[in-house]
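Take a look at the letters that make up each chain.
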Amino acid sequence: MTGPPLTHPTHDQWLVQIDAELDGELSLVERAALAKHLVTCAHCAGARASQLEVRVALARSAGNPHAFVVPRPVIRPGALALWVAIALGVGLLAGWGAHQRWGGPGSGTPLEETRGTIVVH
Ligand SMILES: [Zn+2]
């Protein structure tokens with residue numbers, strides 16, 4: 001494959017666009033371009049799904065699970081901590097799954113407790 005044209009955004013730029021789209025900051029033209037890319041790019045589509053899940057969690061923690069967008073000021077303070085918590089949760093679940101799959105006695109209990117804590121949150 002030859003290099004993409006200069007006007008073709010990189011994945012990093014798409015991730016910025018995804019962020020803006022979910023904040024309701026993209027024009028229709030930009031949203032259309034993003035939608036087209038997502039059809040062909042599982043990487044960015046997955047990133048968008050993750051971003052959406054984070055926003056759902058944020059909206060829920062803000063007491064408004066049916067919000068259409070999470071306003072920036074609400075995202076800022078807790079976003080980083082939530083990202084870390086979610087990353088930890090995903091990591092623990094993946095580790096837990098791998099543990100189940102590949103066996104290995106003894107060390108299942110702490111992971112189980114941590115999972116329970118995350119679910120309660
Ligand atoms: Zn992409």
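In this text the structure is predicted, and so the values were computed from the model without any measurement.

## Notes on the overall build of the protein chain
And then number 1: Looking only at helices and strands, one finds five helices and zero strands in the protein chain.
And then number 2: A burial count over the protein chain gives 8% of its 121 residues as buried.
And then number 3: Across the protein chain, contacts joining residues at least 24 apart in sequence account for 43% of those joining residues at least 6 apart.

## Things to note about the packing of helix H1 (residues 11-22) against helix H2 (residues 28-40)
And then number 1: Running from N to C, H1 and H2 point in directions that differ by 125°, and their axes come no closer than 10 Å. Comparing their axes, H2 and H1 come out oblique. Of the two possible hands of crossing, H1 and H2 adopt the one that is left-handed. Packed against H1, whose contacting residues are Trp14, Gln17, Ile18 and Glu21, the element H2 presents Glu30, Arg31, Leu34 and His37 at the interface.
And then number 2: Tallied by class, residues from the contact of H1 with H2 come to three nonpolar, two polar and three charged.

## Overview of the environment of Ala67
And then number 1: With respect to the helices and strands, the residue Ala67 is situated in the loop between helix H3 (42-61) and helix H4 (72-102).
And then number 2: Residue classification places Ala67 among the partly exposed positions, given that 15 C-beta atoms sit within 10 Å.
And then number 3: Measuring from C-alpha to C-alpha, the distance between Ala67 and Val56 comes to 8.3 Å, with 11 residues separating the pair along the chain.

## Considerations on the confidence of the model for the protein chain
And then number 1: Residues with a pLDDT of 70 or more make up 64% of the protein chain, whose mean pLDDT is 76.
And then number 2: Averaged pLDDT values over the elements of the protein chain bottom out at 52 in helix H5 (residues 108-120) and peak at 96 in H2.

## Topic: the environment of Val54
And then number 1: Tracing the backbone through its elements, the reader meets Val54 in helix H3.
And then number 2: When the C-alpha positions of Val54 and Ile86 are compared, they lie 7.9 Å apart, and in sequence the two are 32 residues distant.
And then number 3: Setting aside anything within four residues of it in sequence, one finds Val54 in contact with Leu82, Trp83 and Ile86.

## A few points about the packing of H1 against H3
And then number 1: Where H1 contacts H3, the two axes come as close as 10 Å, and the packing angle between them is 35°. As H1 runs across H3, the sense of the crossing is right-handed. Residue-level contacts link His11, Trp14, Leu15, Ile18, Asp19 and Leu22 of H1 to His43, Cys44, Ala47, Arg48, Gln51, Leu52 and Arg55 of H3.
And then number 2: Looking at side-chain class alone, the contact of H1 with H3 contains seven nonpolar, three polar and three charged residues.

Thresholds applied
Residues numbered from 1 in each chain as written. Predicted model: local features only at pLDDT ≥ 70, side-chain atom pairs only at ≥ 80, totals over all residues. Helix = DSSP H or I, 4+ residues; strand = E, 2+ residues; numbered from the N terminus. Buried ≥ 20, exposed ≤ 12 C-beta atoms within 10 Å, placed from the backbone. Contact = placed C-beta atoms within 7 Å. Axes fitted to C-alpha atoms, helices over the stretch in contact; angles between N-to-C directions. Parallel < 35°, antiparallel > 145°, perpendicular 65-115°, else oblique. Left-handed = near helix turned anticlockwise from the far one by under 90°. Nonpolar A, V, L, I, M, F, W, Y, C, P; charged D, E, K, R; others polar. pLDDT = per-residue confidence, 0-100.

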